[in-house]
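The chain contents come next:
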Amino acid sequence: MAKSEIRQFLKEICTKFPNVVPLMEKHEKCEHPFLMEEFANLTTILFNQGNLEEALEQLQYMSEKLESASKAEFEYIDVYFTEHLFWKGTQEGIEYGWPMVPDNLKKLYLDFHGKAPRVVV
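The paragraphs below set out a description of the structure included in this document.

What counts and what doesn't
- Residues numbered from 1 in each chain as written.
- Predicted model: local features only at pLDDT ≥ 70, side-chain atom pairs only at ≥ 80, totals over all residues.
- Heavy atoms only, no water.
- Phe/Tyr/Trp six-rings, centres within 6.5 Å; stacked < 30°, edge-to-face > 60°.
- Helix = DSSP H or I, 4+ residues; strand = E, 2+ residues; numbered from the N terminus.
- Buried < 20%, exposed > 50% of the residue type's maximum accessible area, 1.4 Å probe, protein only.
- Lys NZ or Arg CZ within 6 Å of the ring centre and 35° of its normal.
- Contact = heavy atoms within 4.5 Å.
- Core = buried A, V, L, I, M, F, W, Y, C linked by side-chain atoms within 4.5 Å.

## Structural notes on the packing of aromatic side chains
The final tally for this structure, using the stated rule, is 8 aromatic pairs. On the basis of an interplanar angle of 70° and a centroid distance of 6.2 Å, the ring pair of Phe86 and Trp98 is categorised as edge-to-face. In this pair, Phe86 is assigned in the loop between helix H5 (71-82) and helix H6 (91-97) and Trp98 in the loop between H6 and helix H7 (103-113), connecting sequence segments 12 residues apart. Both residues of the pair, Phe86 and Trp98, count as buried. Among the aromatic side chains, those forming a connected cluster through ring pairs are Phe17, Phe39, Tyr61 and Phe81. The ring of Trp98 carries Lys106 above its face, with NZ or CZ at 4.9 Å from the centroid.

Structure follows, in structure tokens:
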């Protein structure tokens, strides 16, 4: 049941945010964790490019989804989306993006990383 639930979740993401589809197509359809990480990558790319409106829309979607998430959805949001946010983030992307991260997602990020994102050189 969890696999079909995650497939449906990923399908919903692709429908709402079609810009993620080319990133996801680099992976097999069954590689669900990698597909979710690509959604986090897209959010980070948008911040890096200064496209704050679209990035914020994605964060708000994930934040709202987290509030009613099943156990499997929660895990995917926590482990494969939130923990992966800002990976390869630029200084500007992090400076723009971090303050915009909703509190529930920010908590998950901080619980895992222990600190706010920073550029790794």
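Still more ground to cover, so stick around.
## Topic: unusual backbone geometry
In the Ramachandran plot, Phe86 falls in the positive-phi region, its phi being about 70° despite a non-glycine side chain. Exposure remark for Phe86: the relative accessible area of 5% places this residue in the buried category. Positive phi, normally seen in glycine, also occurs at Lys88, with a value near 65°. Residue placement: Lys88 occurs in the loop between H5 and H6.

## Observations concerning the environment of Leu23
Mapped onto the secondary structure, Leu23 falls in helix H2 (residues 21-24). Residues Leu23 and Tyr80 lie 57 residues apart in sequence; the distance between their C-alpha atoms is 15 Å. In this view, Leu23 contacts Glu38, Leu42 and Ile45; residues no more than four positions away in its chain are not counted.

## Overview of the side chain of Gln58
Its place among the elements puts Gln58 in helix H4 (residues 52-67). If we skip the residues at most four places from it in the chain, Gln58 touches Phe17, Phe39, Leu42, Thr43 and Leu46.

## Observations concerning the nonpolar core
Core analysis: the biggest nonpolar cluster contains 33 residues, and Ile13, Met36, Phe39, Met62 and Phe81 have the highest contact counts within it. Elements represented by at least two residues in this core include exactly helix H1 (2-16), H2, helix H3 (32-48), H4, H5 and H7. Take this core: its biggest share by element is 7 residues, from H3. For Met62, the contacting residues outside a window of four places in its chain are Phe9, Met36, Phe39, Ile77, Phe81 and Leu105.

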